[in-house]
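Spelled out, the chains give:
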Amino acid sequence: MPPLIQTPELFMIPDTSISWASMMIGSLIVLDVSTELGEYHNAIQQSNLKWPKHVKRSINIAALQVVVIGMILIVLSARLVTNLTQGMDSRMILVLEGISRLEASSLMAYISVKIPRWIGIYHSPERDSALKHVGEGIDALKFHVRYTIGQYFILVYCMMLPFSAHPQSAILGICLGFVIELLIVFANSGRDDDERQFRVASIVSMVFAFLASVLFADGCHFIQLVWGKGLIFSELGLGIASFFGFFAVVTSSHFFHLQRTVRKLARERRISSHDKKDKMSISIIREHIWGSQGSYSLTESQRATLEEEGDETENKTLVATTILSLFKQRLVARTHFAAFSRFEYYVGVFVSIASLIVTVINIGATKQMNVVRMNYSTVHHTLYGSMDMGEVCAFNEIAGEIKTFHDSNAAQSAGYTVAHCGACGKCSTWNDLRLQYTTRNFLAKESAKCAKKSLILGQDAVHACLQEEPIGFSDQCASCWTADIMCARKHCAFIFLQSNMINTVSNFQVGGEIITASTCEEAMCELEFVPCSGANRRRMNITSSITRPDKQLCNIVGVDWATIFKDDIIISPNDHDEEGEL
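As the structure is a prediction and not an experimental result, all values here were calculated from the model. (Residues numbered from 1 in each chain as written. Predicted model: local features only at pLDDT ≥ 70, side-chain atom pairs only at ≥ 80, totals over all residues. Heavy atoms only, no water.)

### Looking at a nonpolar patch on the surface
Then, number 1: Residues Leu64, Val68, Ile72 and Leu76 make up a contiguous nonpolar surface patch of roughly 370 Å² in combined accessible area.
Then, number 2: Residue position: isoleucine 72 is located in helix α2 (residues 55-84). (Patch = residues over 30% accessible without salt bridge, like charges linked within 9 Å, V, L, I, M, F, W, Y side chains within 5 Å. Areas by Shrake-Rupley, 256 points an atom, 1.4 Å probe, with all protein chains shown as cover. Salt bridge = Lys/Arg side-chain N within 4 Å of Asp/Glu carboxyl O. Helix = DSSP H or I, 4+ residues; strand = E, 2+ residues; numbered from the N terminus.)

Written as structure tokens, this is what we have:
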């Protein structure tokens, strides 16, 4: 591991091979799938119409099919991602571990707030998303079950990809999900025992709230290892602040739901017992175990459809409800889930998309890094291994003629002074030689800004940027730099994107151990760039903001650039502090 990143020490949770995010997602698979199934069971049960006896078994089998396929895809994809990210940057591994714990803490907080709703302590809004499908027939009902749970598994699939979960993580999570189900069963086993329900809900919720806060603080610690200590808090200060801050957020959420429940009960006291419906329904999980106490009503068309189907074959469906028509209907319909609210669903979609993007970036960056590791030594040896021994670019007098000689002895014999190792190129003019020296402390940073323009504005924008202040290269020299930047975009884009996540976007150091975007550019592009440009800071023996070993500097340069350009100093408008020195 690079010396700039310390080895994670025991902070709050011991370092294990468990993927915490995958474990908590596994728990939610059990809870949310059973909740969705419970809604469909309720819709059938509350219809009070004649259904084939095996209808619940049919939709259970349909759900099981999706679950099995989904779990197989998750496991296979996790192993594939693991193989494709072998050799991933160690800093990214720490960031992913931190993100895994942050995501797990959020899911624990979600469970902490949901458990009182599932047990029946908090008010749970009525949902009728499954009810509206009841009148479409058994085949259509199975389709809706598969579609709903399949849509949920797509979110889960994307959320689990970045962590390349070990199989035991998901297994532990599934076991935890069943334990939570058993706790809910225990709390509701005495249906009229409000004290038991409240006691179980309170204890379990607070335990999950505490564990969620610990995981959140530990996740912040892993992120801090990469992004630096003491940015706002010290290491201990960050742990204390993040723990109590997150715990306050979770408890505030509990307080909000409790207040909403109190207001709901206060309103219902004004309703006569004759007209009152069960607005404070026990969770869907309880309903699909004991049956619903809620009150559902069917439209006349739905009731007529079900009565007709009770007398006909069990697989007959309405003419309009073909698989294709059902798919089109669900594709454009508003999404309904019993397991979570619309806001929670959109948060899940956002996290899933972000997880998918992170996975693609990590796979691409790892692949590019592996290629860089293979090429770097060869390219470095070719360009700088014996640069004192080959051709040189020399001048006869200050601001005078510059041309290429076979070696330094030939240049000296002709009365010329060596300007840089290697043959002259398009950047070997006096204007560009001057800029190599005067911009030495910020050229890397300013050229990186020009490189970013290539992502949207294209090659011409990069070329123009390199000719503008504070750089100001000549047209031909800028063309070499532009070609180099476009080459780096092609071969190093994923490394650059990953660098934004691991705090190395401004690291221009080059070396075989630490693969930065600059290392990638050197390994993949400099075999063409250096001959094109001719002059660069290493060849000119200029010490810049990027520290180089002495063996990478040309030692036969016969001029002191500080003496020639001492009165020609350029300061970048953004280079007024030590951070700008890179």
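### Focus on the nonpolar core
Then, number 1: In terms of nonpolar packing, the biggest core is built from 53 residues, with Ile111, Ile149 and Phe153 touching the most fellow members.
Then, number 2: For this core, the elements supplying multiple residues, two or more each, are α1 (20-46), α2, α3 (90-119), α4 (138-160), α5 (167-189), α6 (194-227) and α7 (235-268).
Then, number 3: Among the elements that line this core, the one with the most residues is α1, at 11 residues.
Then, number 4: Once residues lying within four places of it in the same chain are set aside, the contact partners of phenylalanine 153 are Ile29, Val33, Val67, Gly70, Met71 and Ile74.
Then, number 5: The next biggest cluster of nonpolar side chains, apart from the first, holds 34 residues, and it includes Leu433, Leu435, Ala535 and Trp561. (Core = buried A, V, L, I, M, F, W, Y, C linked by side-chain atoms within 4.5 Å. Buried < 20%, exposed > 50% of the residue type's maximum accessible area, 1.4 Å probe, protein only. Contact = heavy atoms within 4.5 Å.)

### Side note on the side chain of serine 213
Then, number 1: In this fold, serine 213 is placed in helix α6.
Then, number 2: Reaching out from serine 213, the side chain makes a polar contact with the backbone nitrogen of phenylalanine 247 at a distance of 3.3 Å.
Then, number 3: If we skip the residues at most four places from it in the chain, serine 213 touches Phe243, Phe246 and Phe247. (Polar contact = N/O pair within 3.5 Å; in protein donor to acceptor, adjacent residues only side chain to side chain.)

### Looking at the pairing of strand β1 (residues 392-395)
Then, number 1: Because side chains alternate across β1, one face comprises the buried residues Val392 and Ala394, and the other comprises Cys393 and Phe395, equally buried.
Then, number 2: The pairing of β1 with strand β2 (residues 402-405) spans 4 bridges and is classified as antiparallel. Across the sheet, residue phenylalanine 395 finds its bridge partner in β2, namely isoleucine 402.
Then, number 3: Hairpin geometry of β1 and β2 is characterised by an intervening segment of 6 residues between the two adjacent antiparallel strands and by a positive phi of about 65° at alanine 399.
Then, number 4: Pairing between β1 and strand β3 (residues 417-421): 4 bridges, direction antiparallel. The residue of β3 that forms the bridge with phenylalanine 395 is threonine 417. (Pairing = 2+ DSSP bridges.)

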